[in-house]
Amino acid sequence: MEQKTLLLTGASRGIGHATVKVFQAAGWRVMTVSRSPFDARCPWHAGNTDHFQGDLADPVARADLVARVRETLGGQGLNAIVNNAGISPKGPAGERMGIAGSDDDLWAQVLAVNLVGPATLMRDLLPELARGRGAVVNVGSIVGSRVHPFAGVAYACSKAALAALTREAAAELGPRGIRVNMVTPGEIETEILSPGTEDMAQIIPLRRLGKPDEVARVVLFLCSEQASYVNGASIDVNGGQHA
């Protein structure tokens, strides 16, 4: 069977890093995108050839990045895009950024990375997605549907809008054979947890935080043939945290 190819944004840590490992274990070629260059200390063997540095929020940088990805694909289709890159700015003391403290630049930055980036990446690589009858998975957040003690207002609004983008893209691109879905993580244990996140395990029915690979495995499912009739869906990965 021909090897499938994934393009993943935000791969350096947490859910993104787990997604690289889960897809590679399943035999996929993984191409990654981030604003940082490949770190030679990373044990990933394909990092020198399949990592692309670029800022998806910058139209000029994104056009160059897309051209490099297209050249690397060499005319082959793209089987999946996982839009995982996202930013959640905090205040000087690590505090949540509410309406009063979020200036125009912060709003523009968050929406450019968390919403406009995924939308334009789908648009710019549409020919490759169609050729590969690909799947897109947008990584949302539990904060897109409820007020959260740590995530700021701009981040929450960007994730709520990402859910709308997922529905719109699924309806528009479905006739081209491209499925678009979303995974919505809850409290996931990563190396950059906000102070106090561990205490939230008390309100989660499973009484623990999630692990990044538990999200990554759902992402793999949504990109696989096992999910061939799943389109426009949002799958919660939150241990039952619905209150």
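Residues numbered from 1 in each chain as written. Predicted model: local features only at pLDDT ≥ 70, side-chain atom pairs only at ≥ 80, totals over all residues. Heavy atoms only, no water.

(A) Focus on the pattern of salt bridges. By the definition in use, this model includes eight salt bridges. When the shortest N-O distance is used, the salt bridge between R68 and D64 registers 3.0 Å. Note that R68 and D64 are positioned in helix α3 (residues 59-73) at a spacing of four residues, about one turn of the helix. Classification of R68 as partly exposed rests on a relative accessible area of 27%. (Salt bridge = Lys/Arg side-chain N within 4 Å of Asp/Glu carboxyl O. Helix = DSSP H or I, 4+ residues; strand = E, 2+ residues; numbered from the N terminus. Buried < 20%, exposed > 50% of the residue type's maximum accessible area, 1.4 Å probe, protein only.)

(B) Quick peek at the packing of aromatic side chains. Counting across every chain of the model gives one aromatic pair. With 5.0 Å between their ring centres and 80 degrees between their planes, F23 and W28 make a pair best called edge-to-face. With respect to class, F23 is no different from W28; both count as buried. (Phe/Tyr/Trp six-rings, centres within 6.5 Å; stacked < 30°, edge-to-face > 60°.)

(C) Highlighting the pairing of strand β6 (residues 179-185). Most of β6 is tucked away: seven of the seven residues are buried. Pairing analysis gives five bridges linking strand β5 (residues 135-139) to β6, with the strands arranged parallel. Residue pairing across strands places N138 opposite M182, the latter belonging to β6. Regarding topology, helix α6 (residues 153-173) serves as the crossover connection from β5 to the parallel β6, and that connection is right-handed. In this structure, β6 lies alongside strand β7 (residues 234-237), joined through four bridges in parallel fashion. What sits directly across from V183, in β7, is I235. (Pairing = 2+ DSSP bridges. Right-handed = clockwise from strand over helix to strand, strands pointing away.)

(D) Fine view of the nonpolar core. In this structure, L7, V69, I81, L125 and V180 are the most contacted members of the largest nonpolar core, which totals 25 residues. Looking at this core, the elements with two or more residues in it are β2 (29-34), α3, α4 (104-124), α5 (126-131), α6 and β6. Beyond its immediate chain neighbours, meaning those up to four positions away, V180 contacts M122, V136, N138, T166, A169, A170, L173, N231, G232 and A233. One finds L8, A18, V215 and V219 within the second-largest nonpolar core, a separate group that totals 24 residues. (Core = buried A, V, L, I, M, F, W, Y, C linked by side-chain atoms within 4.5 Å. Contact = heavy atoms within 4.5 Å.)

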